[in-house]
Amino acid sequence: MCKLSKKKNKLVSYSNMIATVGTAILAVTALITVYITVSAWNEEREANRPYFTFKDSPEVVLRESPEFEMVFTNVGEHPAVSLWSKSIVFQSGLKEKPVTIDEYALVNDIPKNASATLLISLEGINKQKTLKDVPPYFFVIVLRYEDPIINESFEQTLYIKWNGMKGGEILTTNHAEEAEKEQIIQYFKQNRINL
C-alpha cells in the first residue's frame, strides 16, 4: 500500500504541476490580450483625435493690402476646441526682424470636416507691393488645440514659403523644404523668437 500511495502522491504532484503551468500560461495569455486591447484602443483614440489639414492651398491675395489666407479643416473624428494660433512672417533671407507676429484664438468648437480661415495681414510689406516686386517670405504658423473627448492638447507647426511677387504678379505658396525648416529654427534661436 505504501507503493500505491507513493505513486498516487507522484500522480497528484504531476497533476498539480500541470495545472499550475496551465494556469500560468492562461494568465500570460490574458495579460497579452489586455496589452493588445489597450494598444489598439490607444491607436484608435489617436486616430480619432482632431487634426488640421489645408482645405485649399494657402495663398496670398491682394485686397487693400496683401493678406495671407489659409483655410484649414479638421479631418479628425473628434472636435477641436480652444484653437489658438501664432503666426510669424519674415523674409526668406533671414536677415531682418519679422514683419508680422500675430496671435489668434477661436472660441467656437471646430467639429469633424468643419473649416476655419486664418487671415494674416501683410501690411509690413505693403510698401514693396507698389514696387511690384516682393522677395520671398516664410510663414510659420503654430496651431494649438484640445480634444474635449480624450482631454488632451495637441500642437501642429506649419512651415510655408510664399515666393513673393514678380512684376506685380503674385507667385506661388508652398511648403518649406527640410533644409529651409532647419534655417528657420536657427533664425528663431538667433532672434529669440518663441513659438
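So, here is what we can say about the structure in this document. (Residues numbered from 1 in each chain as written. Predicted model: local features only at pLDDT ≥ 70, side-chain atom pairs only at ≥ 80, totals over all residues. Heavy atoms only, no water.)

Per the secondary structure count, the chain includes 3 helices and 11 strands. Put simply, the chain runs from its N terminus to its C terminus through helices and strands in the order α-β-β-β-β-β-β-α-β-β-β-β-β-α. Scored against the burial criterion, the 195 residues of the chain give a buried share of 34%. Summarising the internal contacts of the chain: among those between residues at least 6 apart in sequence, 64% fall at separations of at least 24. Summed over its atoms, the accessible surface of the chain is roughly 12,600 Å², and 55% of this surface lies on carbon and sulfur atoms. (Helix = DSSP H or I, 4+ residues; strand = E, 2+ residues; numbered from the N terminus. Buried < 20%, exposed > 50% of the residue type's maximum accessible area, 1.4 Å probe, protein only. Contact = heavy atoms within 4.5 Å. Areas by Shrake-Rupley, 256 points an atom, 1.4 Å probe, with all protein chains shown as cover.)

Before going further, it helps to examine the nonpolar core. Counting 27 residues, the largest nonpolar core has Phe68, Leu122, Phe139, Ile141 and Trp162 as its most contacted members. When contributions to this core are tallied by element, the ones reaching two or more residues are strand S3 (66–74), strand S4 (81–91), strand S6 (115–121), strand S7 (137–147) and strand S8 (152–162). With 5 residues, S7 is the single largest residue contributor to this core. Once residues lying within four places of it in the same chain are set aside, the contact partners of isoleucine 141 are Phe68, Met70, Lys86, Ser87, Leu118, Ile120, Gln156, Thr157, Leu158 and Ile160. (Core = buried A, V, L, I, M, F, W, Y, C linked by side-chain atoms within 4.5 Å.)

Moving on, we come to the environment of glutamate 69. You can see glutamate 69 is positioned in strand S3. Here the alpha-carbon distance between glutamate 69 and proline 58, two residues 11 residues apart in the chain, equals 5.8 Å. If near-sequence neighbours (up to four positions away) are discounted, glutamate 69 is found in contact with Pro58, Glu59, Arg63, Thr117, Leu118 and Leu119.

Our focus in this paragraph is the environment of serine 121. Along the chain, serine 121 falls in strand S6. Overall, the relative accessible area of 30% leaves serine 121 in the partly exposed class. Sequence spacing of serine 121 and valine 89 is 32 residues, and the spatial spacing of their C-alpha atoms is 9.8 Å. The contact partners of serine 121, leaving out residues within four places of it in the chain, are Ser65, Pro66, Glu67 and Thr100.

If you walk across this open sheet you meet the 5 strands as S5-S4-S7-S8-S11, and the pairing is antiparallel. Looking at the sheet topology across the chains shown, the edges are occupied by strand S5 (100–106) and strand S11 (173–175). Adjacent strand axes in the sheet meet at a mean angle of 25°, parallel and antiparallel pairs treated alike. (Pairing = 2+ DSSP bridges. Axes fitted to C-alpha atoms, helices over the stretch in contact; angles between N-to-C directions.)

Below, the discussion takes up the environment of lysine 86. Positionally, lysine 86 belongs in strand S4. Counting along the chain gives 57 residues from lysine 86 to leucine 143, while the straight-line C-alpha distance between them is 6.9 Å. Those residues within four positions of lysine 86 in sequence are excluded, and the remaining contacts are Ile101, Asp102, Glu103, Val140, Ile141, Val142, Asn194 and Leu195. One polar contact links the side chain of lysine 86 to the main-chain carbonyl oxygen of asparagine 194, over a distance of 2.7 Å. (Polar contact = N/O pair within 3.5 Å; in protein donor to acceptor, adjacent residues only side chain to side chain.)

Here we come to the packing of aromatic side chains. Summed over all chains, the structure comprises 9 aromatic pairs. Between tyrosine 187 and phenylalanine 188 the ring centres are 6.0 Å apart and the planes differ by 50°, which places this aromatic pair in the tilted class. Taken together, the ring pairs connect Phe52, Phe72, Tyr145 and Phe154 into an aromatic cluster. (Phe/Tyr/Trp six-rings, centres within 6.5 Å; stacked < 30°, edge-to-face > 60°.)

The grouping of Tyr14, Met17, Ile18, Val21 and Ile25 at the surface amounts to a nonpolar patch, some 540 Å² of accessible area in total. Its place among the elements puts tyrosine 14 in helix H1 (residues 2–48). Its relative accessible area of 49% is what places tyrosine 14 among the partly exposed residues. (Patch = residues over 30% accessible without salt bridge, like charges linked within 9 Å, V, L, I, M, F, W, Y side chains within 5 Å. Salt bridge = Lys/Arg side-chain N within 4 Å of Asp/Glu carboxyl O.)

Another aspect to go through is the pairing of S8. Of the strand pairs in this sheet, S7 and S8 are connected by 11 bridges, and their pairing is antiparallel. Paired with leucine 143 across the two strands is glutamine 156, which belongs to S8. Note that S8 and S11 share 3 bridges and pair antiparallel. The partner of isoleucine 160 across the bridge, within S11, is histidine 175.

Keep in mind that these numbers describe shape and distance, not what the molecule does.
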